[in-house]
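Next come the chains, spelled out residue by residue.
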Amino acid sequence: LRNTATNAKSVFFAFPFETISDAQEPAVLSQIVGWLGPLGDIGPIAPTSVMTNALFTYRLPLATSNANFATHAQVTVTLPAEVALVTLGDPALRYDVPSRSVRWIGGVVPARTLTWTVQLNALTPPGALLTANATIRDVDEGNTFTRVARTLVERSRYYFPLMGR
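None of the values given here were measured: they were computed from a predicted structure.

Caption draft 1: Highlighting the environment of asparagine 121. Within the secondary structure, asparagine 121 is located in the loop between β9 (112–120) and β10 (129–138). Note on asparagine 121: relative accessible area 37%, which makes it partly exposed. Taking the C-alpha atoms as reference points, asparagine 121 and asparagine 53, 68 residues apart in sequence, are found 5.5 Å from one another. The residues contacting asparagine 121, other than those within four sequence positions of it, are Thr52, Asn53 and Glu82. Within polar-contact distance, the side chain of asparagine 121 engages the backbone nitrogen of leucine 123 at 2.7 Å.

Here it is as structure tokens:
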């Protein structure tokens, strides 16, 4: 829950937090703690679905909900193996070929959105689910959290009158 008047955030679990095993706790906290922090809205955005061989763009909105505590971030987004990087939309973005990672570090004030474009491999089968994993680090507070962007490779698109493409 978020109170927009005070920008306060709360998280409610449908189960007692104590029931989370020690092995599962880091994964749960990397999702929840990040969302509660001032950089919690940072995460990659991808199209919900694309056609085979599509060219599409990832977006990374950068902002802070509290510039008194968090003004700098470090982001690493690991691209799915099924895509090839085409362009980086900002000179501050870097691409690490061996890890298939788009990387950025810098200030989040003023808010802005970074983009990069990828090409889907033509051999990727319809129905495949592409996953881009992001790690966001609040440089000021030292908190690190994760986000995921998923894209489905469509089987076909239908138009009126019903025709498959």
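Still to come is the rest of the account.
Caption draft 2: Representation of the packing of aromatic side chains in the model. Tallied over the full model, the rule gives two aromatic pairs. Taken together, a centroid distance of 5.5 Å and an interplanar angle of 50° make the contact between phenylalanine 56 and tyrosine 58 tilted. Among the residues examined, tyrosine 58 registers a relative accessible area of 0% and is labelled buried. Seen in terms of ring centroids, tyrosine 58 and tryptophan 116 are 5.8 Å apart; in terms of plane orientation they differ by 20°. Their pairing is stacked. Taken together, the residues span a long stretch of sequence, with tyrosine 58 in strand β4 (residues 55–62) and tryptophan 116 in strand β9 at a distance of 58 residues. Taken together, Phe56, Tyr58 and Trp116 form an aromatic cluster joined through their ring pairs.

The rules we used
- Residues numbered from 1 in each chain as written.
- Predicted model: local features only at pLDDT ≥ 70, side-chain atom pairs only at ≥ 80, totals over all residues.
- Heavy atoms only, no water.
- Helix = DSSP H or I, 4+ residues; strand = E, 2+ residues; numbered from the N terminus.
- Buried < 20%, exposed > 50% of the residue type's maximum accessible area, 1.4 Å probe, protein only.
- Contact = heavy atoms within 4.5 Å.
- Polar contact = N/O pair within 3.5 Å; in protein donor to acceptor, adjacent residues only side chain to side chain.
- Phe/Tyr/Trp six-rings, centres within 6.5 Å; stacked < 30°, edge-to-face > 60°.

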